[in-house]
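Letter by letter, the chains look like this.
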Amino acid sequence: MFKKLLVLAIGLFSISLSAQKFEISGKLIDKENKAPLEAATVFAESVTDSTLVTYTITDKDGEYKLIGRTGLKEVNVYVSFVGYVPHEQRVKLTGDRMITLDPIALEFQVESLGDVLVKARRAPVTIKKDTLEFNAESFKTQKDATVEDLLKELPGVEVDGEGNITVNGKPVNKILVNGKSFFGGDDPTIATRNLTKEMISKIQVSDTKSDSDAFTGENSDGENKTINITIDEDKNKGVFGRVSGGGGTDDRFEYAGLVNYFDNDLQLSALGGGNNINSPGFSFGEIEKMFGGGGSMMVSSTGAFSINGRSFGFGSGIINSRTGGLNFADSWGETSEISADYFYSGSNNYEETQRERENILPDNRYFTESYSRTEGNTDRHQANLKFTTKPDTTWFIDAMPSFSYTKAENSYESNSRSFNENGDLINESESDNQTFRDGKTFGGNFNVNKSWANGASLSLRVNGDLENNDSESYILTSAETFGNDGQSIDRNQFTDGEQENNNINSTLRYRLPIVKDKFYLNSEIGYGNDSRDDRQYVYDLNDASGTFDNFNIEQSTDFENINEYYRPEFGVDWNTEKLNLGLDVGYVLRELSSRDNLRNFDFSQDFDAIEFDLNMNYSLSQKTRIYASVSRNNNAPQVRQLSPYVDVSDPLNIIQGNPDLKPSNDTQFYLNYNNYDFQSRSGFYAYVMYSYTDDQVVSKSTVDKNFVRTTTYDNVDGAYRGSGNISYSKEVQIDSLSSFRIGLGFYGTLLRNVNFINNEIYNSNTTALNPTLNLTYTLGDFLELRPGYTVRFNNTDFDINTIEDYEFTRHELRLRATTNWPRNLEWQNDLRYFNNPNVGAAFQQSTVLWNSTLTYSILDNKGNISLKAFDILDQNTNTQRQTSENYVQDVQSTVLQQYFMLGFSYKFNTLGKKGEVRESNFFF
């Protein structure tokens, strides 16, 4: 073994020495008008096997610098630019290897060149207006790499351990395959971890837009990205997918399967899985994901996992989840597309939680110790349909109905005790609840868009939901206060509940060009109606009959609430090649009304307000962009906050609304700067946000000497929130085999809350600073090291002397290491250290979490045998310090403990050329 390692090290060192730095510079111009060409792709490849050596993008002056390391004596230099004839020339790397080429004049590409055949290499990176396109074959990956492996090699693209993707600092919130949603597009890992690189032709990245906005030409704010994975046309027919399963100690298990059938435009998919390791189940044995998904890997209080509104588990703590689904997508002729999916998700969860809370009052403090235990079982069915059609080039129509059904059973037990500053017991309570719920929701979106040749457009957009929830609850509670006027309250009750929520929102928008493709006038009228009926009938136990037949009108409710609004809006858009400006001003006419059918009480209030949105998107160059916005939004109080009904369901926390509340108005300022240099593989991203609220609705509480809290609501001024982030990343190519990437981040928040307790108003100011350092070292296909460190500083101070300020710190140190040697063997280690130095003595301050996985590939890399160990040191805990404007608490709850698991996965792929299926043997 030592000899093999020595030979490998000598070989790698020899290759590194032979790689010398070179630089090729020059300029691109238009042959006709001599103007510089910005955003053209210039790249160098080896002469013998066309391996990509390096590439770059021309700047605003048309200049470029190809910088790289290679032992080659000559390379082929290619130039590619949309709309122009490609250019190719051979360059010898001699002397000091600092070469300046003569200016290259590109000729405009006409549609037909007669008998002339222009043959060119595909550029590794192409910029097409607002779309960034990567040629898959230009980026080197390991054999049998997935799309996720490919994305990690693309400049400006980051993929974290849970599969979340960012491009130049912007999150990716939509994944398409051949322009269609792949299994709804909700979980990107279904596509990125199951499509292989060999299937892929190109990766396209663009700003996220709705289909309607793309059709009418509306601008995007650029804050989210969409990735379209294009499968090579020669590999778009057949079956592919994988199955996996595993079992381990402590009765841990997982199983999952995904099968897909592609036939050009037709896509059929089916998936299913289950596990009790708090994972969505779609990792199929991929190592990083096998630990992730919601708390099994992270020290977190929640084990549920939800992506874009689709839940893969319910509850928290330890979750035993099960999933299944079907997906269909196809094109109908040349004008229409249809897709549909059905998804089932179910889970059992268990969690125990311990809390120690310090409650802050203007003149004193008190302390609460509590314990809770939760068990639940939830089953959910969800179906979605999407139909789009373009009868001609001037019409676009889409309809997206959806339906869901949820059935849940939950039990909850808790107890708590409160003490004064002297340690005297002031109150205590216990509860034991069981709830059964059935919920049905039908909703969807409907859009009709019409455009005209001059650029004008008319859009009607409607969305709404019809929701019904039936519930039954059995509640057993007791509460006792001590002292001279102490009292004891015991309740044994049954609650029969029903909620109906019906809402509809619609807008009719007309867009008129004043200067074609540049200046637009926009007009819009919006209407919305949100109707909510909430009936909760409470019955006390009749001791004589043993049944719940004593109607408790004091605690029962029967509300009918309506939130209705009209909103006219007018705006302008100004668009140039580099600058987009938009201003929209609207006026909201809102009416909130509520009726209490049990007490024959009703009220209605009108709330009118001005709203506006001013935004700017400016591109300094292809690599640098600035986005800024100022907006003001009106938020009406919740009907529950307005209702004068007194809620005494919790005898230690009594709540009553305030019908005299005013709406709050939020004003927000936002500035974003984004820069990425393709040549140096470095990027800088920063944003700052500040918002303040007029007439913010806050809780107004009084706490008596028995620490019984009575809460209503009031309007206050002075609340604000500020946040900012600065991040920088850079990749350094050390030699032809090894590279080093550094990522620096600094995130901070500044928050002022206005508190209203015991008739005294005071402010709390919270500052949180979160610097982060991430490093990645890669040595060919053999080794990857990813150390990182994050620290969080949190400080809260109060503007009254009777309350002491407080602060706490949290440290997280991590190291991920991956080795791929010897052949077919991959070893991954994930080591994390957490430290909470400020938590109470009853909680564990430090935790070391070490996960490790060995994976051996068999069956020509189609099968994997894995052995993984979770929490090798058996230290996993979930300890956190949490704060608000009026309390500080330490929390510790149930998390996964140490286990070992042996697993197997197998993938199959018969994708071939159109009209034929490649031979492949696979089994389930």
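Everything below is about the structure shown above.
Residues numbered from 1 in each chain as written. Predicted model: local features only at pLDDT ≥ 70, side-chain atom pairs only at ≥ 80, totals over all residues. Heavy atoms only, no water.

## Considering the packing of aromatic side chains
We describe a pair of aromatic rings using the distance from one ring centre to the other and the angle between the two ring planes. For clarity, the cut-off: Side-chain rings of Phe, Tyr and Trp (the six-membered ring for Trp) are treated as a pair once their centres are within 6.5 Å; stacked means planes under 30 degrees apart, edge-to-face means over 60, and tilted covers the remaining angles. Working definition: with a 1.4 Å probe on protein chains only, accessible area under 20% of the residue-type maximum means buried, over 50% means exposed, and in between means partly exposed. Helical segments are the DSSP runs of H or I of at least four residues, strand segments are the runs of E of at least two, and each set is numbered from the N terminus. Only when the NZ of Lys or the CZ of Arg is both within 6 Å of the ring centre and within 35 degrees of the ring normal is a charge said to sit over the ring.
Applying the stated criterion across every chain yields a total of 23 aromatic pairs. Where Phe 253 meets Tyr 255, the ring centres are 6.3 Å apart and the plane angle is 10°; that geometry is what we call stacked. Take Phe 253: its relative accessible area is 26%, and that puts it in the partly exposed class. Geometrically, the ring pair formed by Tyr 474 and Phe 494 is tilted, given 5.0 Å between the ring centres and 45° between the ring planes. In this pair, Tyr 474 sits in strand S27 (residues 457-481) while Phe 494 sits in strand S28 (residues 488-515), placing the two residues 20 residues apart along the sequence. For Phe 494, a relative accessible area of 13% translates into the label buried. Here a set of aromatic residues connected by ring pairs shows up, and it is made of Tyr 474, Phe 494, Tyr 537, Tyr 539, Phe 548 and Phe 551. Over the aromatic face of Tyr 520 sits the side chain of Arg 511, whose NZ or CZ is 3.8 Å from the ring centroid. Of note, Arg 535 hangs over the ring of Tyr 537, and the distance from its end group to the ring centre comes to 4.8 Å.

## A few points about the sheet that holds strand S2 (residues 41-46)
Selection criterion: Pairing between strands requires that DSSP locate at least two bridges from one strand to the other. Axis angles are defined between N-to-C directions and span 0 to 180 degrees, where every axis is a line fitted to C-alpha atoms and, for a helix, only to the segment in contact.
In spatial order, the strands read S3-S2-S5-S6; together these four strands make up an open sheet with antiparallel pairing. The strands lining the two open edges of the sheet, one partner per strand, are strand S3 (52-57) and strand S6 (87-92). Neighbour to neighbour, the strand axes of the sheet diverge by 20° on average, direction disregarded. For S2 and S3, the ladder comprises five bridges, and the chain directions are antiparallel. Directly across from Glu 45, in S3, lies its bridge partner Leu 52.

## Quick look at the side chain of Lys 237
Our working rule: Pairing of N or O atoms within 3.5 Å defines a polar contact, subject to two protein rules: one partner must be a possible hydrogen donor and the other a possible acceptor, and residues neighboring in sequence count only if both atoms are side-chain atoms.
Within the secondary structure layout, Lys 237 lies in strand S17 (residues 237-248). Separated by 3.1 Å, the side chains of Lys 237 and Asp 263 make a polar contact.

## A word on the pairing of strand S5 (residues 74-80)
Counting buried positions over the seven residues of S5 gives six, a clear majority of the element. Pairing between S5 and S6: six bridges, direction antiparallel. Looking at the pairing, Val 77 lines up with Gln 89 of S6.

## Notes on the pattern of salt bridges
Inclusion rule: Salt-bridge detection follows one rule: a side-chain nitrogen of Lys or Arg within 4 Å of a carboxyl oxygen of Asp or Glu.
Per the counting criterion, the structure on display carries 33 salt bridges. One salt bridge connects Arg 599 with Asp 596, and the closest N-O pair in it is separated by 2.9 Å. Exposure remark for Arg 599: the relative accessible area of 31% places this residue in the partly exposed category. Judged by its relative accessible area of 4%, Asp 596 is buried.

## With respect to the pairing of strand S33 (residues 601-619)
Sheet topology note: the strand S32 (residues 579-596)/S33 ladder contains 18 bridges and is antiparallel. Its bridge partner being in S33, Asp 584 is matched across the sheet by Asp 613. Where S32 folds back onto S33 in an antiparallel hairpin, the turn is made up of four residues, including Asn 600, whose phi is positive at roughly 50°. In this structure, S33 lies alongside strand S34 (residues 624-635), joined through eight bridges in antiparallel fashion. Bridging across to S34, Leu 614 finds its partner in Val 630. In this structure, the hairpin formed by S33 and S34 is closed by a connection of four residues.

## Section: the nonpolar core
Cut-off, in case you're wondering: Joining through side-chain atoms within 4.5 Å is the link that ties buried Ala, Val, Leu, Ile, Met, Phe, Trp, Tyr and Cys residues into a set, and such a set is a nonpolar core. A contact between two residues is defined here by any heavy atoms of the two lying within 4.5 Å.
With 42 residues, the main nonpolar core has Leu 151, Leu 195, Ile 200, Ile 203, Ile 227 and Ile 229 as its most contacted residues. When sequence neighbours within four positions are dropped, the list of residues in contact with Leu 151 reads Val 157, Val 159, Ile 165, Thr 192, Ile 203 and Ile 227. By size, the runner-up hydrophobic cluster in this structure holds 20 residues, among which are Tyr 64, Val 79, Tyr 84 and Leu 101.

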